[in-house]
Every structure is written in C-alpha cells, then in structure tokens.
Amino acid sequence: MKPRFLSSLAFLFLFLFLFIFSLGQALNPKCDALDHSSTLQVFHVFSPCSPFKPSKPLSWEESVLQMLAKDQERLQFLSSLVARKSVVPIASGRQIIQSPTYIVRAKIGTPAQTLLMAMDTSNDVAWIPCTGCVGCSSTVFNSAKSTTFKSVGCQAPQCKQVPNPTCGGGACAFNLTYGSSSVAANLSQDTITLATDAVPGYTLGCIQKATGSSVPPQGLLGLGRGPLSLLSQTQNLYQSTFSYCLPSFKSLNFSGSLRLGPIGQPKRIKYTPLLKNPRRSSLYYVNLVAIRVGRRVVDIPPSALQFNPTTGAGTIIDSGTVFTRLVTPAYTAVRDEFRRRVGRNLTVTSLGGFDTCYSVPIVAPTITFMFSGMNVTLPQDNLLIHSTAGSITCLAMAAAPDNVNSVLNVIANMQQQNHRILFDVPNSRLGVAREPCS
C-alpha cells in the first residue's frame, strides 16, 4: 500500500504543478496589471505581453539585424526632421519590426476603446488607425461609436500646426512621412484617457491610409515639445513634465512605466540642461561634452559633439532609436579605446552594423556620457548585446550609417534602459537616475 500511496501523491503534486504553471502562463498578472493615477505601464514590442511580437520566433542574429534595419530608417527620419525636409527611404524586401519599440495603453473615445500606442519623444501629434483605413492593422478605432469624436475644421488653429495640411469639405487633413512609411490622416478630436486621467477634446490624427512597414500598428503618442504634443495639450494637467523607465529587451515582465506630471518624480536625480533648437523645437537636445571609456576621456573633435542650432548638429535623447549612434569621429574614438581596453590580441568580428564583436567572453570597460552638469556611467547591460548561446558579444552602439547625412548623436533606448529619464520642460532640464525596472 505504501508504494502505491507515494505514487499517487507524486502524481497529485505533478498535476498541481502543471495546473498552476499553465494558469500562470494563461493569466500573466504583469500583462493584466492596471495603469494607475498618472502612471502607465510600458512594455517592449517583443514582450510576451505584446500582440506585436513576431509570429515565429527569430534567432538572435535575425532580431539584431531587424533592429538595426529599423534603426537605419529611424535615423533617416530624424535627419529629415533636422533638415526640415521629407525623406521616404526605400525599404528592403525584408519585413522590419514596427517603430518605435515601446508601447503604452491608451483609451480613446466615449465609451473608451483601448489601443496600444507607441511612445515617441521625437514626434508631436498623436495618430491612430481608424475604421476604413487602407493599409492599417486589424485593430482600429471606430469613430462612429464614440459620442465625443469630432473632426477639426480647416480654420482651426490646430490645422496650421500639422505637417502638410490640406482641406476638403471643410475638414482638415494632413500627410506625413515616418521612417519608411507615409501616413494620410484626418485631424480630429476626442477624449483620451491615460491611466485614470481623462483629457477631453484631445487633437489627434485619424489615419485613413498608411503605406510601408514603420507605422506603429495601433498608433503613436507624441511626447515631443511641439504645439500638438501630449505635453502641450495637457499643460495644465501635467505641467509639461514626464518621466519613463524602459525595461530591458530581455524582460519578461510588464515592468516599465511612463509617469506623467511632476507628482511622484524622483527627488534624488542628476540634471543636465535641455537645449532649444528653433529649427526643430520638438527634439530633446542635450549638451554632451565628452565621453569616457573606463577611466580615460577619449579624444573627440569638439565639432563632433557641439550643439549647432543652424545645422541641427548636437546630441538628442530619443525613445524610438534602439542603439546609440554617434557621428563617425566620436564613435571611432570610443570604439578604438573600447577595443584597446578589452584586449588588442582578441579577434574582432562584425554583425550587421556592429563592428566590434567578440566570439570569446570579454571584460568590458564602462562607458560614461559626460553632459553639462552630470555624468551617466553605463554598466555592461547597457553596453553589450549577447547571443542566446553566449557565443557572440557586441558593443551595442555604432557610427551613423554612411547613407544618412546625419549631424546628430542619438542616445538611444538600449542605453536608457533601467534608468529613470525625467523630462522637466518648464525648468529646461533632463534628469537621469539609475532605476531597475526589468
């Protein structure tokens, strides 16, 4: 009887374990976590919580190459913003992941319809796919079901604040380019609810047609500094202040956050001034004065880092670019010192746009971005990407691509992960504090 009893007991434990495991997989509390107060959950498009992750698993190399291809388009887009001209690069035949890479929940209309919108610090106007849209995803906003939805007329001041406005039948429409995509939208207004905050009469684009592969499937929330951005439209509510903490690509949790308004922002945080560029007032420029690799400040020509409002040169903080890109003289100086400290005798290989990869374990030096008034030292998690098997390790930053005539240094989201990035626009400053959120 005793062996049979033990066998039955083991079977019962096995059944309970499998039941609890399957229940945990089906009902992931992190994915179902509610936004609260003025704080929204943030997660990566590759997160298990995301409906946008690839339909079939990608190898590590495929994932890296896709993110690099997306970054190429992103950098062309940012360069076109600085140059104030429209550029629609020709996309390759390869499927490219949607841009940007971090999304939040927003509720639009009355009654509310939930969309997962990409957050983008380098854009202003919000836009969402609407019923009847050609080229949009299957999840769209049905404006006919919202009692608070209305079109914006041609004479409204907002119609002069969108790119390439047109007028037809008294309603305002606009066109824009985004990465490798083009978007045609009607300018509209409706209630948008972020966490528990309802903002009535929020001006946004209702997409009617989209081409290309860069358009975020369920819309975009613009966090720039322009007149139609979230900051401008909610100035009384959030005082043009927000912060975010971005989880790692590897995070299985719904653990990042977007915190709106001055309440609840960190008190112990280092600041650097935000710079104003009249050529492109939306972008968040900062003064990067030097870069240190290990204990050595590398030799970078001052012109490679200098802020120049006329040409648009300088350094921006961007949530939509994945890997930090430096203008060639700056990157070359950083890369060469990094290689020297890792070891001159080690063989260096490349992967896509990364030219500093190793097939043996390495001990990497820290890299410190030295801004006016603050230094940000990045640990290895913000500097290196590793293959799944651990056989390849690459320095996760690169020079601006040859076919992008960019004068911008872009501090990208991988280098921001597990930091609280605070945008305090009224006081013209940007704060950074280490905060594990993966």
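Cut-offs applied
Residues numbered from 1 in each chain as written. Predicted model: local features only at pLDDT ≥ 70, side-chain atom pairs only at ≥ 80, totals over all residues. Heavy atoms only, no water. Disulfide = S-S within 2.5 Å. Buried < 20%, exposed > 50% of the residue type's maximum accessible area, 1.4 Å probe, protein only. pLDDT = per-residue confidence, 0-100. Contact = heavy atoms within 4.5 Å. Helix = DSSP H or I, 4+ residues; strand = E, 2+ residues; numbered from the N terminus. Lys, Arg positive; Asp, Glu negative; His and termini not counted. Salt bridge = Lys/Arg side-chain N within 4 Å of Asp/Glu carboxyl O. Polar contact = N/O pair within 3.5 Å; in protein donor to acceptor, adjacent residues only side chain to side chain. 1 Å grid on protein atoms, 1.4 Å probe; cavity = no way out; pocket = protein on both sides within 12 Å on 5 of 7 lines; lining within 4 Å. Points joined across faces, edges and corners; volume = space filled by probe spheres on them. Nonpolar A, V, L, I, M, F, W, Y, C, P; charged D, E, K, R; others polar. Core = buried A, V, L, I, M, F, W, Y, C linked by side-chain atoms within 4.5 Å. Pairing = 2+ DSSP bridges. Phe/Tyr/Trp six-rings, centres within 6.5 Å; stacked < 30°, edge-to-face > 60°.

Colleague: Explain the state of the cysteines here, please?
Modeller: Defined simply, a disulfide is a covalent bond joining two cysteines at their sulfur atoms. On inspection of all chains with the given rule, the structure shows 6 disulfides. The disulfide that involves Cys-133 links it to Cys-136, with 1.9 Å between the sulfurs. Residues Cys-133 and Cys-136 share a disulfide whose torsion about the S-S bond is about 55°; that sign makes it right-handed. Residue Cys-136 is classed as partly exposed on the basis of its relative accessible area of 24%.

Colleague: Would you take a moment to explain the confidence of the model for the protein chain for this structure?
Modeller: Interpretation of the predicted coordinates at a detailed level should be avoided for regions scoring low in pLDDT. Summarising the model, the protein chain shows a mean pLDDT of 84, and 79% of its residues fall at 70 or more. Below pLDDT 50 for its whole length, residues 1–29 participates in 1 contact with residues either more than four positions away or in separate chains. Predicted confidence is poor over residues 85–99, with pLDDT under 50, and the contacts of this stretch with residues over four places away or in other chains come to 38 contacts.

Colleague: Help me understand the side chain of Arg-225, please; the structure alone is not making it clear to me.
Modeller: Topologically, Arg-225 is positioned in the loop between β10 (220–222) and α3 (230–233). For the buried Arg-225, no salt bridge exists, and the shortest N-O distance to an oppositely charged side chain is 8.0 Å, to Asp-124. A polar atom in the side chain of Arg-225 sits 2.8 Å from the backbone oxygen of Leu-283. Every residue in contact with Arg-225, bar those within four places of it in the chain, is listed here: Asp-124, Ser-232, Leu-274, Leu-275, Lys-276, Ser-281, Ser-282, Leu-283, Tyr-284, Tyr-285 and Val-425.

Colleague: How do you make sense of empty space enclosed by the protein when you look at a structure like this?
Modeller: Taking a probe equal in size to a water molecule and rolling it over the atoms shows the remaining empty space. Following the criterion strictly, the structure yields 3 cavities of 30 Å³ or more and no others. Estimated volume of the largest cavity: approximately 110 Å³. For the largest cavity, the full set of lining residues is Ile-317, Phe-369, Phe-371, Val-376, Leu-378, Ile-411, Gln-415, Gln-416, His-419, Ile-421, Leu-430 and Val-432. Counting residues per element, the ones that place at least two in the lining of the largest cavity are β21 (367–371), β22 (374–378), α7 (413–416), β27 (419–424) and β28 (429–434). For the lining of the largest cavity, the per-class residue count stands at 9 nonpolar, 3 polar and no charged.

Colleague: Honestly, unusual backbone geometry in this entry has me stumped. Any pointers?
Modeller: Trans is the common state for peptide bonds, and a negative phi is the common state for residues other than glycine. The amide bond that connects Thr-110 to the next residue, Pro-111, takes the cis arrangement and shows omega of -5°. Structurally, the position occupied by Pro-111 is in the loop between β2 (102–108) and β3 (113–120). Positive phi, normally seen in glycine, also occurs at Ala-195, with a value near 55°. Tracing the sequence through the fold places Ala-195 in the loop between β8 (181–194) and β9 (197–211). Judged by its relative accessible area of 13%, Ala-195 is buried. For Gln-239, which is not a glycine, the phi torsion comes out positive at approximately 50°.

Colleague: Could you clarify how one ought to interpret the nonpolar core in this entry?
Modeller: Within soluble globular proteins, side chains that are nonpolar generally end up buried alongside one another. Judged by nonpolar contacts, the single largest core of 80 residues is most densely connected at Phe-323 and Phe-338. If you tally residues by element for this core, the top one is helix α6 (residues 328–342), at 6 residues. Phe-338 has contacts with Val-293, Thr-356, Tyr-358, Ile-362, Ala-364, Pro-365, Ile-367, Leu-384 and Leu-395, leaving out every residue within four places of it along the chain. The next biggest cluster of nonpolar side chains, apart from the first, holds 19 residues, and it includes Ala-156, Cys-159, Val-162 and Val-183.

Colleague: Before we go on, may I ask you to explain the pairing of β28 in this structure?
Modeller: Consecutive side chains of a regular strand alternate in pointing toward one face of the sheet and then the other. Here 4 bridges tie strand β13 (residues 270–275) to β28, and the two strands are oriented antiparallel to one another. Looking at β28, one finds that Lys-270 is bridged to Val-432.

Colleague: Is there a simple way to think about the packing of aromatic side chains in this case?
Modeller: Any pair of aromatic rings gets described here by the distance separating the centres and the angle formed by the planes. A complete count under the given rule lists 10 aromatic pairs for this structure. Note on Phe-323 and Phe-354: the rings are 4.9 Å apart at their centroids and 85° apart in plane angle, and the pair reads as edge-to-face. In this pair, Phe-323 is assigned in the loop between β17 (314–317) and β18 (324–326) and Phe-354 in strand β20 (residues 354–358), connecting sequence segments 31 residues apart. With a relative accessible area of 1%, Phe-323 lands in the buried category. In textbook terms, an aromatic cluster arises when at least three aromatic residues are bridged by ring pairs, as seen for Phe-242, Tyr-244, Tyr-284 and Phe-423.

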